[in-house]
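Below, each chain spelled out in residue letters.
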Amino acid sequence: MDAWKGFKKGRWQDTIDVRDFIQKNYAPYAGGAEFLRGPSASVSAILKKFKKLLADEKANNGVLDIDTDTVSSLLSYKPGYIDRENEIIFGLQTDAPLKRGVNPFGGIRTARDAVRAYGYQLSDKIEEHFKYKTTHNDGVFRVYTKEMLALRKSGILTGLPDAYGRGRIIGDYRRVALYGAQFLLDEKIKDFEALEALDMDDETIRLREEVCRQREFLLQLMQMAQLYGDDVSRPALTAREAVQWVYYAYLGAIKEQNGAAMSLGRVSTFLDIYIQRDIKNGLLDEDGAQELIDQFVLKLRMARQLRTPEYNELFAGDPTWVTEAVGGAGLDGRSLVTKSSYRFIHTLYNLDTAPEPNITVLFSRALPQAFKEYCARVSVDTSSIQYENDDLMRPEFGDDYGISCCVSAMKIGKQMQFFGARCNLAKLLLVALNGGRDELTGIEVGFKAKPLNAGVLNYDEVLARYLGYIDWLAKTYVNTMNVIHYMHDKYAYEKLQMGLHDTQPERLMAFGVAGLSVVADSLSAIKYAECTPVTDETGLITDYKTVGEFPSYGNDDDRVDGIAAFITQYFYDALCKTKAYRGAKHTLSVLTITSNIVYGSKTGKTPCGKPAREAFAPGANPLHNRETHGALASLNSVAKLSYKACRDGISNTFSLTPDTLGHSEEIVCKNLTAIIEGYFKNGGHHLNVNVFKRAVLEQAHKQPHRYPNLTIRVSGYAVKFGVLSKKHREEVLARTFFDRL
């Protein structure tokens with residue numbers, strides 16, 4: 001085939017195997033950033049128009065426009081452009097840039113509330129159609145038990161994907177470029193026919209229907225591309241087509257689904273193979289190569305989903321989590337860094353700092369030192385990239401995995417994930433102490449037990465009680481997720497994304513916890529100090545009198561760090577006792593996004609002294625300003641959490657003042673690289689890096705219009721600081737900013 005001319009042969013030619021294609025054909029790059037180019041004239045022209053649209057969007061309460069007459073899908077809109085004369089990568093979600101579409105399959109009430117929040121109204125046509133159509137949200141709430149509803153309402157389980165697209169599924173968008181959509185469609189037909197040999201049990205019947213729908217949407221993908229004059233039925237012939245085909249596949253996914261996180265996957269090294277071939281053949285130069293990546297990234301930055309205000313409280317800053325994993329190493333030890341790894345990161349200079357795509361550097365000891373230090377410089381300049389420990393994840397997921405949402409690894413095209421939100425471990429402790437009653441309302445939300453409200457708390461008694469409530473919650477949590485994902489598959493199935501997976505993928509179910517540092521410090525206070533409950537007239541514990549010193553999580557003290565590690569391991573083991581939907585493997589994350597504020601607002605006073613309704617620390621971070629032993633001690637504490645128990649990810653957001661790292665660019669980059677490398681060597685999993693003077697953020701908090709591009713890492717993702725709400729900005733300012741190592 002002409003499309004494969006010049007590529008090295010391999011297994012990838014006989015069966016769908018993108019990894020084999022990459023391993024046979026990529027060229028590792030160990031040099032520096034000197035080859036990089038600035039933005040082309042066409043990129044600058046598009047960027048100018050895009051910035052104007054961003055300003056208009058911000059002035060219009062964060063939403064530029066909504067199409068309330070159309071249900072979003074691949075063929076719902078005519079072709080859209082931002083600057084057709086200068087575009088070389090085509091495609092928009094709707095028919096105009098930044099116009100949002102409506103996807104009511106997750107829930108018609110949610111869609112209705114979302115458009116109303118911005119002064120719009122759903123068309124009568126859509127309202128009438130969905131009178132007679134069951135949505136994911138409808139199905140879930142038909143089946144929820146009273147216990148599940150109580151946990152949801154009380155804030156013990158929050159952020160459940162029961163009214164919006166679940167997201168977290170990474171389609172292998174590269175397959176369209178390498179094989180063409182027609183070949184993928186033909187392979188699905190073969191898989192469909194092969195299923196005839198199986199017994200027609202529940203799973204086989206469901207899978208046959210799913211494959212049929214996958215075929216339908218692969219066909220629609222070809223039709224969507226034809227609207228722009230492109231033929232994705234065949235493999236990509238050039239680098240431009242490879243970039244465009246990958247983007248069309250991703251675009252189709254975000255047209256069809258409004259998932260909480262719609263990650264891109266791991267495309268930079270794949271695309272570099274096409275770029276290097278075109279450069280070798282004289283079809284492209286370095287300027288043209290950077291222009292392709294710049295235009296691609298500009299399109300990714302235009303991705304928008306329609307959300308409710310309640311959703312934005314949990315996931316602040318309008319994120320889409322277009323996560324692209326860059327770097328890492330192969331199973332053979334070779335670095336997977338290419339020139340296009342640099343090109344993707346370089347967009348943060350060419351296109352200005354921005355949170356999307358959510359660039360994630362897969363950090364390995366095998367990475368070239370020049371690349372490590374370049375990434376460190378970009379972190380210092382932009383605070384827009386995050387790091388994950390490739391040496392920790394590669395043994396589990398191989399060398400062709402991507403990062404779903406913020407921190408969660410999965411094999412691309414081989415695994416999919418049932419997203420599971422998170423539970424409030426801190427509130428669960430207070431409920432356990434109160435014998436099943438909510439500490440804020442007094443309402444019974446858990447199984448009834450005798451309150452531990454008389455006299456000084458005994459650590460062994462408290463721990464035994466708490467573990468019993470963890471066992472109860474874990475079972476209910478798994479069953480709640482089973483309900484949600486059964487209904488999502490039934491009413492809001494991801495046809496195109498799953499069409500870009502193997503037909504029988506391995507399934508993961510992702511559970512999460514919030515408030516871990518609150519629990520660790522509270523149990524530490526009970527164990528090492530003297531903690532006495534304070535009750536109201538009904539016997540409800542509403543406060544705690546804690547006398548004496550106790551170690552706080554975040555100071556490299558095994559006495560309390562061991563408590564945090566034990567609780568995560570115990571919770572994970574408890575989850576695994578209940579069977580997950582479709583045989584999914586249980587995974588756990590310590591990740592809050594910005595829901596640490598919502599969780600804190602629903603939680604009373606705690607034994608460790610955290611005030612009622614005050615925000616938790618994000619992710620696996622220690623509580624604000626309790627890390628008194630410096631930056632490295634804080635990192636050491638978080639690194640003690642077991643990745644085997646938390647394979648869905650352990651999020652750590654880390655802020656340093658510039659002077660902490662040194663007084664020259666070279667020293668700063670070397671020191672930051674050494675910190676990251678040391679953290680990962682100790683077993684740390686994920687690290688957000690912010691390098692700021694607190695005074696800069698304080699000024700941006702008071703006058704956000706003066707800092708329109710100021711980007712920060714919040715908890716697994718980046719966001720423009722100025723688009724956060726006042727209370728979200730205040731929470732960021734309350735975090736620890738380390739001024740010493």
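Details of the structure are given in the entry above.
Residues numbered from 1 in each chain as written. Predicted model: local features only at pLDDT ≥ 70, side-chain atom pairs only at ≥ 80, totals over all residues. Heavy atoms only, no water.

**Some remarks on the overall build of the protein chain**
Part 1: Across its full length, the protein chain carries 27 helices and 19 strands.
Part 2: Seen along its three principal axes, the alpha-carbon backbone of the protein chain occupies a region of about 80 × 65 × 50 Å.
Part 3: Among the 741 residues that make up the protein chain, the fraction classed as buried is 65%.
Part 4: By sequence separation, contacts in the protein chain at least 24 residues apart represent 78% of the contacts at least 6 residues apart.
Part 5: A total of about 25,800 Å² of accessible surface is found on the protein chain, and carbon and sulfur atoms cover 50% of it.
Part 6: For the protein chain, the distance from the average site of its 93 positive side-chain charges to the average site of its 92 negative ones is 1 Å. (Helix = DSSP H or I, 4+ residues; strand = E, 2+ residues; numbered from the N terminus. Buried < 20%, exposed > 50% of the residue type's maximum accessible area, 1.4 Å probe, protein only. Contact = heavy atoms within 4.5 Å. Areas by Shrake-Rupley, 256 points an atom, 1.4 Å probe, with all protein chains shown as cover. Lys, Arg positive; Asp, Glu negative; His and termini not counted. Charge placed at Lys NZ, Arg CZ, Asp CG, Glu CD.)

**As for the environment of proline 161**
Part 1: Summarising the element assignment, proline 161 is placed in the loop between strand S3 (157-158) and helix H7 (174-179).
Part 2: In contact with proline 161, not counting residues within four places along its chain, are His136, Arg166, Phe419, Ala421, Ile484 and His485.

**Overview of the pattern of salt bridges**
Part 1: Inspection of the entire model under this criterion finds 55 salt bridges.
Part 2: What you see here is one network of salt bridges that share partners, running through Arg166, Glu203, Arg206, Glu210, Asp489, Glu494 and Arg582. (Salt bridge = Lys/Arg side-chain N within 4 Å of Asp/Glu carboxyl O.)

**Concerning the side chain of aspartate 399**
Part 1: You can see aspartate 399 is positioned in the loop between helix H16 (390-397) and strand S7 (401-404).
Part 2: Within the local environment of aspartate 399, its side chain forms a polar contact with the backbone nitrogen of leucine 331, the two atoms lying 2.8 Å apart.
Part 3: Setting aside residues no more than four positions away along its own chain, aspartate 399 makes contact with Arg19, Gln23, Arg266, Ala329, Gly330, Leu331, Leu336 and Arg394. (Polar contact = N/O pair within 3.5 Å; in protein donor to acceptor, adjacent residues only side chain to side chain.)

**Let's talk about the nonpolar core**
Side chains of nonpolar character tend, in soluble globular proteins, to be buried together.
Part 1: Core analysis: the largest hydrophobic core is formed by 147 residues, its most contacted members being Tyr466, Leu523, Ile567 and Phe571.
Part 2: Sequence-distant contacts of phenylalanine 571, that is, excluding residues within four places in its chain, are made with Cys423, Leu425, Ile470, Leu473, Tyr477, Val513 and Leu588.
Part 3: Ile89, Leu184, Tyr248 and Ile275 belong to the second largest nonpolar core, which has 74 residues in total. (Core = buried A, V, L, I, M, F, W, Y, C linked by side-chain atoms within 4.5 Å.)

**A few points about the pairing of strand S14 (residues 585-590)**
Part 1: Within S14, 5 of the 6 residues are buried, which leaves it mostly tucked inside the rest of the structure.
Part 2: Of the pairings in the sheet, the one linking S14 to strand S15 (residues 649-650) comprises 2 bridges and is parallel in character. Following the sheet pairing, valine 590 is matched in S15 by isoleucine 650. (Pairing = 2+ DSSP bridges.)

**Structural notes on the packing of aromatic side chains**
Part 1: Tallied over the entire structure, the rule returns 43 aromatic pairs.
Part 2: Judged by centre distance (6.2 Å) and plane angle (75°), the rings of phenylalanine 363 and tyrosine 387 are edge-to-face. With a gap of 24 residues between them, phenylalanine 363 in strand S5 (residues 359-363) and tyrosine 387 in strand S6 (residues 386-389) connect regions that are remote in the sequence. Comparing phenylalanine 363 with tyrosine 387 shows no difference in burial state: the two are buried.
Part 3: Taking the centre distance of 5.6 Å and the plane angle of 40° together, the rings of tyrosine 679 and phenylalanine 680 count as tilted.
Part 4: What makes phenylalanine 680 buried here is its relative accessible area of 6%.
Part 5: Following the ring pairs from residue to residue traces out a cluster consisting of Trp4, Phe7, Trp12, Phe21, Tyr179, Phe183, Phe270 and Tyr274.
Part 6: Positioned above the aromatic ring of phenylalanine 192, the side-chain terminus of arginine 208 is 4.0 Å from the ring centre.
Part 7: Its guanidinium or amino end placed over the ring of tyrosine 401, arginine 266 lies 5.1 Å from that ring's centre, counting from NZ or CZ. (Phe/Tyr/Trp six-rings, centres within 6.5 Å; stacked < 30°, edge-to-face > 60°. Lys NZ or Arg CZ within 6 Å of the ring centre and 35° of its normal.)

**Focus: helix H15 (residues 369-382)**
Part 1: With 14 residues, H15 should cover 20 Å at 1.5 Å per step; its first-to-last C-alpha distance of 20 Å lies within 8% of that length.
Part 2: For H15, every residue scored as buried is listed here: Phe371, Lys372, Glu373, Tyr374, Cys375, Ala376, Val378, Ser379 and Thr382.
Part 3: Downstream of H15 by one or two residues, serine 383 has phi in the positive range, about 50°. (Expected span 1.5 Å × (residues − 1).)

**Considering the packing of helix H10 (residues 239-256) against helix H11 (residues 268-280)**
Part 1: Interhelical geometry of H10 versus H11 gives an angle of 160° and a closest axis separation of 8 Å. Put simply, H10 runs roughly antiparallel to H11. Of the two possible hands of crossing, H10 and H11 adopt the one that is left-handed. Across the interface between the two elements, Ala239, Ala242, Val243 and Val246 of H10 pack against Phe270, Leu271, Tyr274, Ile275 and Asp278 of H11.
Part 2: Its residues placed into classes, the contact of H10 with H11 shows 8 nonpolar, no polar and 1 charged. (Axes fitted to C-alpha atoms, helices over the stretch in contact; angles between N-to-C directions. Parallel < 35°, antiparallel > 145°, perpendicular 65-115°, else oblique. Left-handed = near helix turned anticlockwise from the far one by under 90°. Nonpolar A, V, L, I, M, F, W, Y, C, P; charged D, E, K, R; others polar.)

**Notes on the layout of surface pockets**
Any empty space left between atoms is shown by rolling a water-sized probe over those atoms.
Part 1: In this structure, the largest pocket encloses a volume near 1,200 Å³.
Part 2: Around the largest pocket sit 44 residues that line it, and Glu57, Gly62, Gly317, Asp318 and Val723 are the ones nearest its centre.
Part 3: Residue assignment for the lining of the largest pocket shows that the elements contributing at least two residues are helix H2 (41-59), helix H13 (309-314) and strand S19 (718-720).
Part 4: Broken down by element, the residue count for the lining of the largest pocket peaks at 7 residues, all from H2.
Part 5: In this structure, the second largest pocket spans a volume of roughly 800 Å³.
Part 6: A per-element tally of the lining of the second largest pocket places helix H3 (residues 108-117) first, with 5 residues. (1 Å grid on protein atoms, 1.4 Å probe; cavity = no way out; pocket = protein on both sides within 12 Å on 5 of 7 lines; lining within 4 Å. Points joined across faces, edges and corners; volume = space filled by probe spheres on them.)

**Topic: unusual backbone geometry**
Part 1: For the bond from glutamate 356 to proline 357, the omega torsion is -10°, close enough to zero to count as cis.
Part 2: Within the fold, proline 357 resides in the loop between helix H14 (339-350) and S5.
Part 3: Positive phi outside glycine occurs at cysteine 405, with the angle close to 60°.
Part 4: Tracing the chain through its elements places cysteine 405 in the loop between S7 and strand S8 (408-411).
Part 5: Look at cysteine 405 and you get buried, because its relative accessible area is 5%.
Part 6: Look at aspartate 556: it is not a glycine, yet its phi comes out positive at around 55°.

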